[in-house]
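# Architecture and fold: a report
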Amino acid sequence: ATREREREREREGAMEASLFNCCGSSKWSKVVAALGPFDDRAKLLEAARKVWWKDCNVTDWLEAFTAHPRIGDVSQLKEKFQATEELCSNEQSAAMASSTEATLQELKQWNDAYFDKHGFIFIIFATGKKAEEVLRALKQRHPNTASQELKNAAIEQMKITELRLAKLFPNLFPQDQGESSGEERKPGWVERTVKIAAHVTGVLRSPITSHVLDISSGRPAAGVPIRLERLMQCSEDAWDLVGEDVTNDDGRSGKLMEPSSFVASGVYRISFDTREYETTMCGGKLGFYPNASIVFEILDSQTHQHFHVPLLYSPFGYSTYRGS
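Residues numbered from 1 in each chain as written. Predicted model: local features only at pLDDT ≥ 70, side-chain atom pairs only at ≥ 80, totals over all residues. Heavy atoms only, no water.

With antiparallel pairing, the 4 strands of this open sheet are ordered in space as S4-S3-S6-S7. Only two strands of the sheet have a single partner each, and these edge strands are strand S4 (239-246) and strand S7 (292-298). For this sheet the average axis-to-axis angle between neighbouring strands, irrespective of direction, equals 20 degrees. For strand S3 (residues 225-231) and S4, the ladder comprises 7 bridges, and the chain directions are antiparallel. Opposite Leu228, over in S4, you have Gly243 as the bridge partner. (Pairing = 2+ DSSP bridges. Helix = DSSP H or I, 4+ residues; strand = E, 2+ residues; numbered from the N terminus. Axes fitted to C-alpha atoms, helices over the stretch in contact; angles between N-to-C directions.)

And the structure:
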C-alpha cells in the first residue's frame, strides 16, 4: 500500500510538471493533476476550466501570466513569435510570418505601454492571427481598466491552455492534432461539410445575425454598435468577445461572426449600444436604457442552425425574439 501511494504521488508529480507547462500557475497544475488521470477529453477540459475559474484567485492568474516572457526588445519579440518548444510551437507562427520590422517595433512599444498601465503583459491567443491583428487587439484593449484586462487576460490564457492540453494529450484530441483552441472547434467532418456547402451554394453567412427596429419611429435603426460575446465554459462572468458590428441603413447586422454553417454551443450575450444610437441618430434625445443586452443559449443539438436575434427598440422599453 505504501509503494502504491508513492507511485501515485510520482504520477501526480509528473502530471503536475507537464500541466505547469500548459499553464504556469502552481495551484492550477497541482489541483488539476490531483483530479487525474484523465481518459476522457470532456473530463479533462471540465477539470481545467473549473479549476481556473472557480479555484484559482488573482494571484494564481498573475503567476500564469508571468510564465509568458515579457517582451523587452524586438529581438526578444522575434524569439517569442518563433517559439520552438513543443507545447508553444505555432502559437504565434502566423503573426511572425506576417510581421515586418515596423510592426514588431510598434508591437514592442504598445506592449511596454500596456505593461506600464496594467501591471502585467498583454496576453492573447495568437494562433492563426497575423501580426497586424495582434497589434490591433492590443490597441483596442489598452484603454480598458485593469480589472477588465485581468478578466480578458484570464480568458486568453484559458484558450492558450486548452491548445497546449490538446498537444499534451493528443490521444484525447484526435481531430485537433494540436491545432485546437480555447474556442469550440468544429469536428473535421463538420469542416468538410461547411466547405462542400460553400462550394455548392456559394453563400455562407454569419451564424448569428441581428436587426434593430426603432418602433418609436417605425424605422430601421441604423448605426447601432453591436457586441457579441460568449460565456467561457465553467465560468460565471467571463465573457469572451466573439465579434462586433454596426447596423447598416436597413438596421441589419450580418458580420458578427465569420460566415459558417456551424456555431459553437454555449451561452451568448448580444449587446446593443442604444445610447450611441440616440446620441448620433436621434438628435440627442436620450431614452431610459443606454444599453440593451440579450442573453441566449445555443444547445449542442443546434450548432448547425442559424440564429437571428433582433431588437425592437423604443426609448422606454425593448423586446426581442428568435427570428429567422
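Read on, since the account is not over.
Counting across every chain of the model gives 13 salt bridges. A salt bridge links Glu149 to Arg141, with the nearest nitrogen and oxygen atoms 2.8 Å apart. With respect to class, Glu149 is no different from Arg141; both count as buried. Note that Glu244 is salt-bridged to Arg227, the shortest N-O span being 3.3 Å. Of this pair, Glu244 sits in strand S4 while Arg227 sits in strand S3, and the two are 17 residues apart along the sequence. (Salt bridge = Lys/Arg side-chain N within 4 Å of Asp/Glu carboxyl O. Buried < 20%, exposed > 50% of the residue type's maximum accessible area, 1.4 Å probe, protein only.)

With an omega of 0 degrees, the peptide bond running from Gly36 to Pro37 counts as cis. Of note, Pro37 is situated in the loop between helix H2 (26-35) and helix H3 (41-55). The backbone phi angle of Cys234 is positive, close to 75 degrees, even though this residue is not glycine. For Cys234, a relative accessible area of 23% gives the class partly exposed.

Before going further, it helps to spend a moment on the nonpolar core. Core analysis: the largest hydrophobic core is formed by 47 residues, its most contacted members being Trp28, Trp52, Trp53 and Leu165. When contributions to this core are tallied by element, the ones reaching two or more residues are helix H1 (2-22), H2, H3, helix H4 (58-66), helix H7 (101-118), helix H8 (131-141) and helix H9 (146-168). Examining the composition of this core, we find that 9 residues originate from one element, H9, more than from any other. For Trp53, the contacting residues outside a window of four places in its chain are Trp61, Lys151, Ala154, Ile155, Met158, Met232, Gln233, Cys234, Ser235 and Ala238. Ranked by size, the runner-up nonpolar core spans 22 residues in total, among them Ala221, Val263, Ala292 and Ile294. (Core = buried A, V, L, I, M, F, W, Y, C linked by side-chain atoms within 4.5 Å. Contact = heavy atoms within 4.5 Å.)

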